[in-house]
Amino acid sequence: MRTRHSTNQPRMRWTLRSSLLLKQTAFVAMVTIVTGGMLILASESFARRMVRGEIDQRLSLAATDRQALLQNYIHQQQELVGLVASRTRLRQLVTDRAAGKIAGDEFRRQSAQILADARRSAKDFVSISIADPHGTIITATDETSVGNDYGMDPDFVEGRRQSTLGAPRRTGETYQSLLTAPVAGNDGQFLAVVIVVLDVQPMADLLAGQTGLGESGETLVGTLRDSTIHLLLPAHNAPQLTDIPVGRMPAMALAVHGQSGLLHPRDYRGVEVLAAYRPVGYRDWGLVVKLDAAEAYASLSRFRAIVALLEVAIVLAGVALSYLLARRFTQPILHLAHQAATIATGDLTARTGLAHRTDEFGDLARAFDKMAEQIQRHLRRAEALAESSHTFAESTRDYEGLLTRVAHRVAEFVGDTCVIFLVSADGVWLEPVALYDQDPDAMAFARAVLAASPIRVADNTMSSKVFREGEPLLVPQVSVASLRQATKEEYWPLLDRVASRSLLMVPLRVQGRTIGILSLSRHQPEAPGYGPEDLEFATALAERAALTIVNARLYQALETAKEDLERRVVERTAQLKAANNELESFSYSVAHDLRAPLRAMDGFSRLVVEDFAPLLPDEAQRYLHLVRENAQQMGHLIDDLLTFARLSRQPVNRQPVHTSDLVEQVVKDLQHDREGRAVHIAINDLPVCQADPALLRQVFANLLSNALKFTRTREEARIEVRSQTDDGEPVYVVKDNGVGFDMQYMGKLFGVFQRLHRAEEYEGTGVGLAIVQRIIHRHGGRIWAEAAVDKGATFYFTLGGDSHGGGSGRNSVS
Amino acid sequence: MAGDPVEILLVEDNPSDAELTLRALRKNNVTNRIHLVRDGAEALEFIFGKGAYNGRSLREGPRVILLDLKLPKVDGLEVLRQIKSDAQARNVPVVVLTSSKEERDVVESYRLGVNSYIVKPVDFTQFTEAVRQLGLYWTLLNQPPAL
């Protein structure tokens, strides 16, 4: 268990650390990241709004500026063409030509001069032509173009009405526009149209000129043609692109419809842009000034980087700070956990070491220390109790030693002086039987005082009261004066001497009976008074002590009784042995001495008859004969009694016996008893058995002799010896057809000297069947009989134990 | 005590038994040279020529010893033991003639080297018969060894 605890410890600490330290750090990091992120988003959207406002303003300005420039340019060109058309000389020539006053060649020569002049006055004029009202070029600076027809050209058509700048057209590398204006005759009627091919590069330059909008800044001019945006000048990023669907250029669409405003669409490239749009204010031309959003917001990305950097710094600082802070919190917790683990491994002396802190950890640490101390104290007491029980139990055989040890232990554990009082046998006195104090002086003094002042159960002392009531008494603080009041005067010197500060008395109780008290007192000045815990502890000790004391007493009594018993057993054995020896010598004497007088009686009676027969009357001779008969009968009786007595002493010597052979031998020996009689003896089924052969022989001899005796009156005696098996046990049967007996006397059948027939009918001592029964019992077997008067008798017996032999014989003897 | 050599030493403390035995022996014409001692100590003195029989030699008999077991002073088994322990006396046949049928007596007697063991029956007829056979035993069947 211990090793598992210690291996668990580091893992537990790690878990604690990860859970508290990491959690707090992660939390703080999360909070800073979220708030920082929100801050970044807020600041960015704010910055973006600011930037956009500024860009929009700049775009509006640029758009207005370009619009003005463009209008100015267009107006200028219109004026220039107007000037050409309004030249008097030219008008005259046209008028003349219309009137036919001038020849075609002359007209062309004179007009070409005027036109060349005009071309020279305007450097952007590539060529100047004059078309008749039907659109046919009638004269031009470039002779080759005469005869060309512009009748269908929209610029020409417009030019018939007023000065018009047409949409620029691509001509090789350059863009040119047709600049047209009507020429009126002298009387004001419409005669021709001036058509100037204008190099619009200046206009393109004008649009592409510095807008102050950065590199992606671009100005586009377009018009609506056939529901499609048509760019008048090529886009910077896509020079080939001229026609764009309306949907892809919403700003221009709005502009050509004469609206002004700001828009953030995607441009013809699909790039996000910021745009300002205006109508040019000429025909349906629109103007769009745009700037790539990327460029517009370029400044924002730096701002964003700075903010992100700041955010990272904040998060790092937050995490570091929170880690440090968490460490500050978890360190004491870890310390507590570590100390708790140490205590858990069984080291109860460990303390947190944080009790000095004034914060919550201090509270926790103090509570923890207190708990550990409590556990330690309880454990110490539990150990002390266990040890005491053990120590007490060991002393059970030494009563005096036990009392001393109890006093010593209790004084040691609860302190300082311990006196054990036990009630005297007569129940009058409380006798101090053991005393202990580690201060030998105090102990000697206490002993002297106790000896001088015996306590009666009936006294009014605290000890007596505690004993009588069987309730403990706790006096936490004792003033010597009050103690004196409650104590016999003889105690006063002791009280003064030891100056008891606190008293504790606990009854010694076993099974509801109080056998004495434990009296404790503290006199050391530095020791605290007894408290409820001491009372509880002392009570627990007293319980064990009382039980052990009673046990020791019982043991003592048991020992005494045992010794007494042993002594008595030895005595009785000796007596029995003596009696046995006496009996032995008695039966020995009987064997030797009892027969001698009988022999003398028999012998001398015989001698009288032999030697003095002639002198004796017949009656005297008959009497002497009776004396001899009785003497002989007594001899048989003695023989049988001796046999019977010997059976109890003699050991049974079991060995395999061929029962059939044995029975045949017995029958042969009894030959004498059946002389002159018709006797049929059948010997059937007799297995080999385990028995004492001499004793078994005696059994069969007695049973068969009885059978012969009680069949004497039968004409033909039939005796059967056989065996049968009852419940797996062989049973031997001796059956005759003799006179039998009344079963109501069955109880007397096997008794010594018990006879069921009169002596004059059937001789015998009445011991034979008693001998048979004793032999059977010595073998552990049973014997019983079945009979009826005049109907024969059957004796059954078993040989008990392991009497089975094996094999059987069938025989018949007549 | 000198005279004819004693042929039978009868060791018997019971006077009745002694008389009956003597009569039985006589009746059966066994011998008249019977010496009777009344206890074991006297028997030993007689056999070993000590005490009252000081100077007596075994050459003067007996030819056979009839020994009761239950005897005053020294009992029959002890007498038997001493006889059978002596190089010369051991050759004299000893017949235990006793009332005891106790097996231990029989076993101990044979262990000590008794020549015969006869139980005195209560029935005088049987007793006489036993003594008669005993007389025949030593006179007819038992040639005494050369001493």
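Nothing here was measured: the structure is a model prediction, and the numbers come from that model.

Asker: What exactly am I supposed to notice about the environment of Ser260 of chain A here?
Answerer: All names here are of chain A. Mapped onto the elements of the fold, Ser260 is located in the loop between helix H6 (250–256) and strand E10 (261–263). Note: C-alpha distance between Ser260 and Leu287 (27 residues apart in sequence) is 9.2 Å. Leave out the neighbours within four places in its chain, and Ser260 touches Tyr277, Arg278 and Pro279.

Asker: In this structure, what is going on with the packing of aromatic side chains? I would like to understand it.
Answerer: Each aromatic ring pair is summarised here by two numbers: the centre-to-centre distance and the angle between the ring planes. Residues and elements named next belong to chain A. Scanning the entire structure with this criterion turns up nine aromatic pairs over all chains. Ring plane angle 85° and centroid distance 5.1 Å describe the contact between Tyr282 and Trp285, whose orientation is recorded as edge-to-face. Trp285 carries the same exposure label as Tyr282, and that label is buried. Geometrically, the ring pair formed by Phe700 and Tyr732 is edge-to-face, given 6.4 Å between the ring centres and 85° between the ring planes. Taken together, the residues span a long stretch of sequence, with Phe700 in helix H18 (residues 693–710) and Tyr732 in strand E22 (residues 729–736) at a distance of 32 residues. Of the two residues, Phe700 and Tyr732, neither departs from the other in class, the shared state being buried. By the ring-pair criterion, three or more aromatic residues cluster together here, those being Phe700, Tyr732 and Phe797. In this arrangement the basic side chain of Arg97 is found over the ring face of Phe107, its NZ or CZ atom lying 5.6 Å from the centre.

Asker: Hey, could you run me through the UniProt feature "modified residue: 4-aspartylphosphate" (unreviewed entry) in chain B in this one?
Answerer: Residues and elements named next belong to chain B. Feature annotation in UniProt places "modified residue: 4-aspartylphosphate" (unreviewed entry) on Asp68, given in this structure's numbering. As for its position among the elements, Asp68 is in the loop between strand E3 (64–67) and helix H3 (76–85). Not counting the four nearest positions on each side in its chain, Asp68 is found in contact with Val11, Glu12, Asp13, Gly76, Leu97, Thr98 and Lys120.

Asker: Help me out: how do you make sense of the interface of chain A and chain B in this one?
Answerer: Many descriptions give the size of an interface as the accessible area lost when the pieces come together. With 27 residues of chain A in contact, the opposing surface of chain B contributes 24 residues. Across the chain A/chain B interface, buried area totals approximately 2,100 Å², and carbon plus sulfur atoms make up 52% of it. For the chain A face of the interface with chain B, the top three residues by lost area are Tyr588, His592 and Arg599 of chain A, together amounting to 32%. Between the two partners, chain A and chain B, sit three salt bridges. Arg23 of chain B serves as the salt-bridge partner of Asp611 of chain A, at 2.8 Å between the closest nitrogen and oxygen.

Cut-offs used in this document
- Residues numbered from 1 in each chain as written.
- Chains lettered and ligands numbered in written order.
- Predicted model: local features only at pLDDT ≥ 70, side-chain atom pairs only at ≥ 80, totals over all residues.
- Heavy atoms only, no water.
- Helix = DSSP H or I, 4+ residues; strand = E, 2+ residues; numbered from the N terminus.
- Contact = heavy atoms within 4.5 Å.
- Phe/Tyr/Trp six-rings, centres within 6.5 Å; stacked < 30°, edge-to-face > 60°.
- Buried < 20%, exposed > 50% of the residue type's maximum accessible area, 1.4 Å probe, protein only.
- Lys NZ or Arg CZ within 6 Å of the ring centre and 35° of its normal.
- UniProt positions renumbered as here; feature names shortened; annotations may be inferred.
- Buried area = accessible area lost by both parts, 1.4 Å probe.
- Salt bridge = Lys/Arg side-chain N within 4 Å of Asp/Glu carboxyl O.

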